[in-house]
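So you can see what is in the structure, the chains are spelled out below.
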Amino acid sequence: QFNKLLEELSKDYPEIIFAAGQDFSWNSVSSKITYTLPKNTAHQNKHANKLLHELAHCLLKHSNYKSDAELLHIESSAWELAKKLCKTYKISFNTKEQNESLASYIEWASSRSRCPKCTKNGLQTMQTAFVCPNCSNS
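Nothing here was measured: the structure is a model prediction, and the numbers come from that model. (Residues numbered from 1 in each chain as written. Predicted model: local features only at pLDDT ≥ 70, side-chain atom pairs only at ≥ 80, totals over all residues. Heavy atoms only, no water.)

Asker: An account of the overall build of the protein chain is requested, with residue identities and associated values reported.
Answerer: What the protein chain contains, in helices and strands, is four helices and five strands. Starting at the N terminus and ending at the C terminus, the protein chain contains elements arranged as α-β-β-β-α-α-α-β-β. Seen through its principal axes, the protein chain has C-alpha atoms that stretch 55 × 30 × 25 Å. For the protein chain, the residues scored as buried account for 38% of the 138 residues in total. The contacts of the protein chain with a sequence gap of at least 6 include a subset with a gap of at least 24, amounting to 45%. Just so you have it, the protein chain exposes about 8,400 Å², and 51% of that area is on carbon and sulfur atoms. Of the side chains in the protein chain, 17 bear a positive and 13 a negative charge, and the two mean positions are spaced by 4 Å. (Helix = DSSP H or I, 4+ residues; strand = E, 2+ residues; numbered from the N terminus. Buried < 20%, exposed > 50% of the residue type's maximum accessible area, 1.4 Å probe, protein only. Contact = heavy atoms within 4.5 Å. Areas by Shrake-Rupley, 256 points an atom, 1.4 Å probe, with all protein chains shown as cover. Lys, Arg positive; Asp, Glu negative; His and termini not counted. Charge placed at Lys NZ, Arg CZ, Asp CG, Glu CD.)

Structure follows, in structure tokens:
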């Protein structure tokens, strides 16, 4: 299933480089989607969904983001398009994979904004800066 999908995508999108690697990612500068190969047949669907998610980033022209909220929006929109791409390529959409992926981004964003002084969540002022509305720590 995964190898067949990879062949189809390579034909349908010759302008995109598909390369095996350590993780799934989209690089807008090099027009390259990196993917990991499934270890066994049980992981084929999960990997196919992740590959289509990265393709969705490409098709949506995602390149960078300025805030954690924007990143969450980008990830969510890529999963929505991946769901449509699954239908196109006759791949079963893996809702569990989508939910786990989005939950990991939400947890990451929440932990980044947590104030080390009072543990309340702060407001993002720049890509790597936060201010706490509770105690004014930044």
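Asker: Talk me through the pattern of salt bridges; I want residue IDs and the actual numbers.
Answerer: Taken as a whole, this structure holds five salt bridges when the rule is applied. The salt bridge involving Lys 83 is made with Glu 80; its shortest N-O contact spans 4.0 Å. Placement of both Lys 83 and Glu 80 in helix α3 (residues 68-88) is noted, with a separation of three residues, approximately one turn of the helix. Taking the relative accessible area as the measure of exposure, Lys 83 reaches 32% and is therefore partly exposed. Through salt bridges with shared partners, a single network forms among Lys 46, Lys 50 and Glu 97. (Salt bridge = Lys/Arg side-chain N within 4 Å of Asp/Glu carboxyl O.)

Asker: Before we move on, can you summarise the packing of aromatic side chains with the specific residues and values?
Answerer: Here the distance between the centres and the angle between the planes together describe a pair of aromatic rings. Summed over the entire model, instances satisfying the criterion amount to two aromatic pairs. Ring plane angle 55° and centroid distance 5.7 Å describe the contact between Phe 2 and Tyr 35, whose orientation is recorded as tilted. Placement of the pair is Phe 2 in helix α1 (residues 2-12) and Tyr 35 in strand β3 (residues 32-35), with a sequence separation of 33 residues. The pair formed by Phe 2 and Tyr 35 is uniform in burial state, with each residue classed as buried. Plain terms: the ring middles of Trp 79 and Phe 93 are 6.2 Å apart, the flat faces sit at 75° to each other, and that makes the pair edge-to-face. One end of the pair, Trp 79, is in helix α3; the other, Phe 93, is in the loop between α3 and α4 (95-113), and 14 residues separate them in sequence. Both residues of the pair, Trp 79 and Phe 93, count as buried. (Phe/Tyr/Trp six-rings, centres within 6.5 Å; stacked < 30°, edge-to-face > 60°.)

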